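# An overview of the molecular structure
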Amino acid sequence: MSNPADYELDPQIAAQLKRNEQGLVPAIAQADSGEVLMLAWMDDHALAHTLATRMGTYFSRSRGEYWIKGETSGNIQEVLGVRLDCDGDTIVLTVRQRGPACHTGDRTCFDSRVLLKDES
């Protein structure tokens, strides 16, 4: 697989991003059905790799390295679309998820701890 660090972000896109002190932007992966699957972090290289390859690519804060979703598990994220919010500080990826999105084996990272039940 290609190395995300080798990818450079388009300067016009880079200028729109508001990064945290580590140079990262939160990225929400949302299934094409609308279901929120996970939240991860991207730097410029991870975003550039995602845009170029259409594979969900993130930066692991705990390991200090890039990871391409599904590269080892096979649970890949085919990126269908990428949007930046109005403040430039959050990215939303629309993805076609193959297999579970969560490292626990669940479809989504947001199923196990419901703080307020949706009653609609």
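In every chain, residue numbers begin from 1 and rise along the written sequence. Only residues with pLDDT of at least 70 get local features here, since the model is predicted, and only at 80 or more are side-chain atom pairs given and counted; chain-wide, interface and lining totals rely on the full set of residues. The basis for the side-chain values is all heavy atoms of the structure; hydrogens and waters are excluded.

Per an unreviewed UniProt entry, the protein chain goes by Phosphoribosyl-AMP cyclohydrolase and derives from Corynebacterium macginleyi. UniProt positions are given in the numbering used here, feature names are shortened, and annotations may be inferred rather than shown by experiment. In the Subcellular location (unreviewed entry) part of its UniProt record, the protein chain is described as follows: "Cytoplasm".

## Topic: the UniProt feature "binding site: Zn(2+)" (unreviewed entry) in the protein chain
Per the UniProt record, the feature "binding site: Zn(2+)" (unreviewed entry) sits at Cys86, Cys102 and Cys109. The annotated residues occupy 24 residues of the chain and do not converge on a single region, their most distant C-alpha atoms lying 27.2 Å apart. When its relative accessible area of 79% is taken as the criterion, Cys86 is described as exposed. Put simply, DSSP marks the helices as runs of H or I at least four residues long and the strands as runs of E at least two long, and each gets a number from the N terminus on. As for its position among the elements, Cys109 is in the segment after β6 (91-97). Relative accessibility decides the category of a residue: with a 1.4 Å probe and only protein chains considered, values under 20% of the type maximum give buried, values over 50% give exposed, and everything between is partly exposed. A residue is classified by how much of its surface remains accessible, and Cys109, at 33% relative accessible area, is partly exposed. Two residues form a contact once any of their heavy atoms are found within 4.5 Å. Leaving out residues up to four positions away in the same chain, Cys109 has contacts with Leu37, Met38 and Cys102.

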